[in-house]
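Examination of the molecular architecture
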Amino acid sequence: MSCLTVERCGAVAFKRSEQNAIQVRMLADGRLNTGHAGVLLVERRGSYPLIDLRILKTSAQQGEVESGTRRKVKRLLSFQRYCHASRLLRRLVPHTPGSLHLLDDDYLGQAAHMLSKVGTWNFDIFLFDRLTNGNSLVTLLCHLFNVYGLIHHFQLDMVKLHRFLGMVQEDYHSQNPYHNAVHAADVTQAMYCYLKEPKLAEQLSPLDVFLGLMAAAAHDVDHPGVNQPFLIKTRHHLASLYQNTSVLESHHWRSTVGMLRESGLLSHLPADMSQDMEQQLGSLILATDISRQNEFLLTFREHLDNQDLDLQLASHRHFILQIALKCADVCNPCRVWELSRQWSERVCEEFYRQGDLERKFDLEISPLCNQQADSVPAIQIGFISYIVEPLFEEWHRFTEPSPLSQTMMGHLHKNKDRWSRLRYAHTPSDTQIHPSAEEPEPEGGGGGGGGGGEGEDIP
Ligand SMILES: [Zn+2]
């Protein structure tokens with residue numbers, strides 16, 4: 001990696017050390033001396049520290065050191081991941097009898113088999129991530145780019161593509177229970193299913209598909225595992241940088257732009273084209289800000305009521321891509337119960353961790369973040385009722401409705417019922433959910449990404 005890359009990242013570069021506030025201000029002012037580039041490089045985009053060190057002054061510095069060491073180890077390991085993924089993508093399975101690669105053979109074979117069914121709605125992304133050795137996002141994206149012929153269409157350099165995707169994957173925080181690279185891979189897989197919807201598929205240009213998949217993959221990159229109100233009340237540098245508005249989404253987008261430029265993935269394209277792509281990526285990623293849900297929902301509803309969506313128009317296709325990405329981002333309750341339940345527990349665990357931090361540092365505990373008061377079933381029922389159902393009801397109308405849409409609505413209603421029953425069965429001392437005690441698993445639950453009539457794989 002070149003030190004010059006920091007200069008190219010410009011205002012999108014961030015540092016995660018106690019000096020970051022000063023340096024971010026310098027970046028924003030355009031006063032960053034490139035002589036500091038070497039110092040900034042390693043920590044260039046981080047959303048750390050989680051909270052202002054003036055507030056968190058106990059174990060933060062120790063944590064920073066450990067975290068820095070972990071990242072160095074991760075960077076070393078990423079080369080192994082890269083080799084693993086490229087073998088899989090080239091369908092090259094190492095043949096060294098008796099070697100340690102015997103395990104790889106088996107895993108790669110299973111991962112490749114799963115990829116052949118990547119368009120099915122019960123695709124098990126957790127299993128896929130294990131089979132690809134934690135490399136699900138890179139592997140999935142490379143596969144989908146091949147499926148759509150995007151590498152050829154945009155004349156992408158494979159090395160740059162791997163470099164970019166590797167950076168995106170690595171900049172997700174694996175220690176986050178929910179906002180990690182597996183969530184990004186899950187959203188990308190859902191996005192792929194939506195791009196294949198008959199209503200949409202034939203209208204989409206290669207650029208639409210490219211942007212839709214890229215936005216899905218990068219939409220939460222470098223998520224710190226806490227929400228915007230937390231960043232604001234702890235005076236995090238990102239909150240001031242983005243003036244308390246779409247703070248996380250702006251950071252995800254700007255980080256993505258930084259990585260695009262650093263990898264040089266689009267550097268062979270005309271400048272106006274690559275700039276337009278960066279802007280469109282921003283518009284897609286910013287649409288995932290849940291506080292803008294009503295704005296999008298009202299516009300979507302109005303278009304459907306007036307039947308005036310014209311997918312020949314690039315602007316209308318872009319709007320539908322925004323809606324599709326929003327759906328993909330919150331589609332967990334529309335998955336089969338076994339997958340849906342895992343996501344629910346993960347997102348609540350992340351909320352509770354924030355609540356624990358807030359408690360520890362005498363901050364007001366945010367809504368949904370109090371493990372003692374907010375149960376997983378209650379959080380899920382609220383999330384489904386106020387966010388997921390209203391959005392998917394309109395998506396259902398848009399698809400007229402498609403078989404996939406019907407399947408998703410079926411899961412959504414069944415899962416909501418199930419959470420309702422668990423909510424009443426839930427007592428304060430019973431914090432663990434035991435789904436198997438409630439009723440038998442729904443058919444096909446979480447089974448390896450195969451089967452299921454819905455969302456048949458039609459590249
Ligand atoms: Zn997300």
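Residues numbered from 1 in each chain as written. Predicted model: local features only at pLDDT ≥ 70, side-chain atom pairs only at ≥ 80, totals over all residues. Heavy atoms only, no water.

- Taking an unreviewed UniProt entry as the reference, the protein chain is identified by name as Phosphodiesterase belonging to Larimichthys crocea.
- The UniProt entry for the protein chain carries the following text under Catalytic activity (unreviewed entry): "3',5'-cyclic AMP + H2O = AMP + H(+)". (UniProt positions renumbered as here; feature names shortened; annotations may be inferred.)

1. So, the packing of helix H7 (residues 136–147) against helix H9 (residues 158–171)
- At a minimum axis separation of 9 Å, H7 and H9 run at an interaxial angle of 140°. Relative to H9, H7 is oriented so that their crossing is right-handed. Two secondary-structure elements touch here, H7 through Ser136, Leu137, Val138, Leu141, Cys142 and Phe145 and H9 through Leu161, His162, Leu165, Gly166, Val168 and Gln169.
- Tallied by class, the residues present in the contact of H7 with H9 amount to eight nonpolar, four polar and no charged. (Axes fitted to C-alpha atoms, helices over the stretch in contact; angles between N-to-C directions. Helix = DSSP H or I, 4+ residues; strand = E, 2+ residues; numbered from the N terminus. Left-handed = near helix turned anticlockwise from the far one by under 90°. Contact = heavy atoms within 4.5 Å. Nonpolar A, V, L, I, M, F, W, Y, C, P; charged D, E, K, R; others polar.)

2. Section: the environment of Pro390
- Along the chain, the position of Pro390 falls in helix H20 (residues 376–399).
- Taking the C-alpha atoms as reference points, Pro390 and Asn294, 96 residues apart in sequence, are found 9.6 Å from one another.
- The contact partners of Pro390, leaving out residues within four places of it in the chain, are Leu297, Arg301, Ile384 and Ser385.

3. Considerations on the UniProt feature "binding site: Zn(2+) 1" (unreviewed entry) in the protein chain
- Sites flagged by UniProt as "binding site: Zn(2+) 1" (unreviewed entry) map to His183, His219, Asp220 and Asp329. In terms of the greatest pairwise C-alpha distance, the residues named above, spread along 147 residues, form a tight cluster of at most 10.0 Å across.
- One can find His183 in helix H10 (residues 181–195).
- On the secondary structure map, His219 appears in the loop between helix H12 (206–218) and helix H13 (228–233).

4. Focus: the coordination of the zinc ion
- Listed as protein donors to the zinc ion are His183 (NE2), His219 (NE2), Asp220 (OD) and Asp329 (OD); their distances from the metal cover 2.0 to 2.2 Å.
- For the zinc ion, the four donor atoms are set out with angles of 85 to 170° between them, so the coordination reads as irregular.
- Donor residues for the zinc ion, ordered by position in the chain, follow H-x35-H-D-x108-D. Pair noted here: His183 is in helix H10 and His219 is in the loop between H12 and H13, with a separation of 36 residues, a long-range link.
- The class for His183 is buried, based on a relative accessible area of 0%.
- Take His219: its relative accessible area is 0%, and that puts it in the buried class. (Donors = N, O, S within 2.8 Å, 3.2 Å for Na, K, Ca; no water. Tetrahedral: all angles 85-135°; square planar, octahedral: opposite > 155°, others 65-115°. Buried < 20%, exposed > 50% of the residue type's maximum accessible area, 1.4 Å probe, protein only.)

5. Here's the deal with unusual backbone geometry
- Despite not being glycine, Asn133 has its phi angle at roughly 60°, a positive value.
- Even without being glycine, Gln155 reaches a positive phi, approximately 50°.
- Locating Gln155 in the fold gives a position in the loop between helix H8 (150–153) and H9.

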